[in-house]
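# Commentary on secondary and tertiary structure
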Amino acid sequence: MAKSYLERKEAWAAKMRARGGGARSERAGGRLPPGQHEVGDLPVLDLGIHPEVSRDGWRLRVGGLVEEELALDWAGLEALPQAEGVSDFHCVTTWSRYDCRWGGVPMAELLDRVRPLAEARFAFFTSYDGYTTNLPVGALFAEGVFLATALDGEPLPVRYGGPARVVVPQLYAWKSAKFIKEIEFRAEDEPGYWEKRGYSNTADPWLEGRFSGEEVPGWKD
Ligand SMILES: Nc1nc2c(c(=O)[nH]1)N[C@H]1C(S)=C(S)[C@@H](COP(=O)(O)O)O[C@H]1N2
Ligand SMILES: [Mo]
């Protein structure tokens, strides 16, 4: 039986609760995933292309297997409920930046408007620099997942993915698409830029799923 997106949200939340920080992270004080080290400033990491998309010219299409497609412009984004969330950000290259204060639209608010269909099991992200990444639908509703337009109280600079990016703090940072252009809901999973180039599809920092072959079972449920 196909699950509704609200059931997928619950299933993902239960998975995250069950995962906890893991025994290895508890030894490290409960906060630093295994194999990571803390950095001060947030490093800039991307393909090296920083598309200059003005707020006026910015559009986000949210479509595919949804009840209501959305073509969001900046005014539309600003009309959505805004919030802030503080979370740690973990990159597979081993840096972790604590207490990033992301501001913008909680992803759940956006998804409650488009309402993914029961057949929608995955989300595929495409960015203005050509970058892509993929997630199961449930992951998008988790605590702290944002369509972020601000970092630490400032408008999100281009180097950190402005004008708007996705932030998914539960997973390695390559799952958090900067310069976001499109979110498409799909029945089938498709690996994104790094997932095709040897990185783990599931990208769980607490279970240290860095590379292809280190996937967490149950990702697709
Ligand atoms: N559009 C886009 N998003 C991207 C990337 C990219 O190259 N292009 N790189 C990813 C990787 S590997 C990381 S570690 C984070 C880095 O985010 P930051 O530069 O804000 O620290 O962005 C992710 N999102
Ligand atoms: Mo990364």
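The rules behind the values
Residues numbered from 1 in each chain as written. Chains lettered and ligands numbered in written order. Predicted model: local features only at pLDDT ≥ 70, side-chain atom pairs only at ≥ 80, totals over all residues. Heavy atoms only, no water. Near = heavy atom within 4 Å. Polar contact = N/O pair within 3.5 Å; in protein donor to acceptor, adjacent residues only side chain to side chain. Areas by Shrake-Rupley, 256 points an atom, 1.4 Å probe, with all protein chains shown as cover. Nonpolar A, V, L, I, M, F, W, Y, C, P; charged D, E, K, R; others polar. Core = buried A, V, L, I, M, F, W, Y, C linked by side-chain atoms within 4.5 Å. Buried < 20%, exposed > 50% of the residue type's maximum accessible area, 1.4 Å probe, protein only. Contact = heavy atoms within 4.5 Å. Helix = DSSP H or I, 4+ residues; strand = E, 2+ residues; numbered from the N terminus. Disulfide = S-S within 2.5 Å. Salt bridge = Lys/Arg side-chain N within 4 Å of Asp/Glu carboxyl O. Pairing = 2+ DSSP bridges.

Turning our attention to the site of ligand 1. Close to ligand 1 lie 22 residues, the nearest being P43, D129, R165, S176 and K178. In this structure, L47 approaches ligand 1 through a main-chain N or O atom, which is 2.9 Å from an oxygen atom. S176 is positioned with one of its backbone polar atoms (N or O) 2.8 Å from a nitrogen atom of ligand 1. Across the complex, the protein chains shield 99% of the 530 Å² of accessible surface that ligand 1 would expose by itself. Its residues placed into classes, the shell around ligand 1 shows 15 nonpolar, 2 polar and 5 charged.

One recurring pattern in soluble globular proteins: nonpolar side chains tend to sit buried together. In this structure, W102, L140, L147, I180, I183 and F185 are the most contacted members of the largest nonpolar core, which totals 58 residues. Filtering out sequence-adjacent residues up to four positions away, L140 remains in contact with M107, A108, L111, A123, F125, L135, V145 and F185.

Assignment of secondary structure puts L72 in strand 3 (residues 70-72). Each C-alpha atom, one on L72 and one on Y199, is 31 Å from the other, the two residues being 127 residues apart in sequence.

We now examine the state of the cysteines. Formally, a disulfide is one covalent bond, and it connects the sulfur atom of one cysteine to the sulfur atom of another. For the coordinates displayed, the defined rule picks out 0 disulfides. Here C100 is not cross-linked by a disulfide; its sulfur's nearest cysteine counterpart is in C91, at 12 Å.

All chains considered together, the criterion is met by 15 salt bridges. The partner of D88 in a salt bridge is R31, with the nearest N and O atoms 2.7 Å apart. Placement of the pair is D88 in strand 4 (residues 83-90) and R31 in the loop between helix 2 (23-27) and strand 1 (37-39), with a sequence separation of 57 residues. Residue class for D88 comes out buried when judged on its relative accessible area of 15%.

For the rest of this paragraph, the subject is the pairing of strand 7 (residues 132-136). Across the 5 residues that make up strand 7, a large majority, 5, are buried. Side chains T132, N134 and P136 of strand 7 all project onto a buried face; the interleaved residues T133 and L135 project onto the opposite face, where all are buried too. Relative to strand 7, strand 6 (residues 122-127) runs antiparallel, the two being bridged by 5 bridges. What sits directly across from A123, in strand 7, is L135.

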